[in-house]
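Residue-level listing of the chains:
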Amino acid sequence: LRMRGEKRKDNLSNDHIEKLNSIKFSWDPRKDGRIRRKRDDEWFEMLLELKEFKEIHGHANVSQLDPEHKKLGRWLNDQRLYKKGRKQKGTDQLVFLPDDRKELLEEVGVIWDMKQHEWKTKLNLLSEYYQKKGDFNVKQADAEYGALYYFLRNARIKGLPRHKLYELANIGLDISELKVTEE
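Residues numbered from 1 in each chain as written. Predicted model: local features only at pLDDT ≥ 70, side-chain atom pairs only at ≥ 80, totals over all residues. Heavy atoms only, no water.

Engineer: Would you take a moment to explain the overall build of the protein chain for this structure?
Structural biologist: Secondary structure assignment for the protein chain yields eight helices and four strands. Listing each helix as α and each strand as β along the protein chain from the N terminus yields α-α-α-α-β-β-α-α-α-β-α-β. Burial status across the protein chain gives 33% buried among its 183 residues. Considering only intrachain contacts with a sequence separation of at least 6, the fraction spanning at least 24 residues in the protein chain is 40%. Summing over all exposed atoms, the protein chain offers an accessible surface of approximately 12,600 Å²; the carbon and sulfur share of this is 48%. (Helix = DSSP H or I, 4+ residues; strand = E, 2+ residues; numbered from the N terminus. Buried < 20%, exposed > 50% of the residue type's maximum accessible area, 1.4 Å probe, protein only. Contact = heavy atoms within 4.5 Å. Areas by Shrake-Rupley, 256 points an atom, 1.4 Å probe, with all protein chains shown as cover.)

This is how it looks when you write it as C-alpha cells:
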C-alpha cells in the first residue's frame, strides 16, 4: 500500500518505480487479478533489497548472521521456511510460499537448500581437483583447494550418508575406509 500511495502522490523516483517494475510489483492487484496479500508492499521491498544485495555482492544468499544485512537474511530464511511449509502462528495450518513469489526469488538467484548447494559445490571442486592432480591428496596449505582438506578430513572422521558416499565414489574417490552414517 505504501509504495502504491507514494506513486499516486508522485513521491517515488523513476529509478525506484523501474526497480519495482523489474520485480513484477503489482501496482493494482485487483486490476491484475491478484488477491491482495497481507504486507504485500513489505515483501516486495525486501525482494528489491535482495536484488540490490545481489548486484553488489554477486549472489543472493544473505546470511542471517551478517550484522549489516541481518533483517534481509532473516527475511530470506523465512522465505525458505515458507517454501517448505511453515505453521501459521496460533494454528497448526501450514502456510506455503506462493508460486509467483517463489519464481521471483528464483529469478534473483535464491538457493533454496544451502546445505545441498554447499555439498554440490565441494563435490564439484573435489572433482576438479582430481581432474587436475590425478589424486585426492589435498594439502591443507593449497591456496586454491585447501578447504577440501577439511572437507575430506571430516568425511573420514565423521562418515557420510550412503548417497553422498556414492557421489564421492562416482568421481573416483576410494570410499572403502569411510563409514556410513544416517542422514
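Engineer: Quick question: what am I supposed to make of helix H3 (residues 40–57) here?
Structural biologist: Given a rise of 1.5 Å per residue, 18 residues ought to cover 26 Å, and the 26 Å separating the end C-alpha atoms of H3 matches this to within 8%. Just downstream of H3 lies Gly58, where phi reads positive at about 80°. (Expected span 1.5 Å × (residues − 1).)

Engineer: What am I meant to see in the side chain of His69 here?
Structural biologist: Locating His69 in the fold gives a position in the loop between H3 and helix H4 (70–84). Excluding residues that lie within four positions of it along the chain, His69 makes contacts with Phe53, His57, Val62 and Ser63.

Engineer: Whenever I open this one, the packing of helix H6 (residues 114–133) against helix H7 (residues 146–158) confuses me. Can you help?
Structural biologist: The relative placement of two packed helices comes down to the angle between their axes together with the axis-to-axis distance. Between H6 and H7, whose axes approach to 10 Å, the crossing angle comes to 110°. By the angle between their axes, H6 is roughly perpendicular relative to H7. Between H6 and H7 lies a crossing whose hand is left-handed. Where H6 abuts H7, its residues Trp119, Lys122, Leu125, Leu126 and Tyr129 lie against Leu148, Phe151 and Leu152. A class-by-class count of the residues in the contact of H6 with H7 yields seven nonpolar, no polar and one charged. (Axes fitted to C-alpha atoms, helices over the stretch in contact; angles between N-to-C directions. Parallel < 35°, antiparallel > 145°, perpendicular 65-115°, else oblique. Left-handed = near helix turned anticlockwise from the far one by under 90°. Nonpolar A, V, L, I, M, F, W, Y, C, P; charged D, E, K, R; others polar.)

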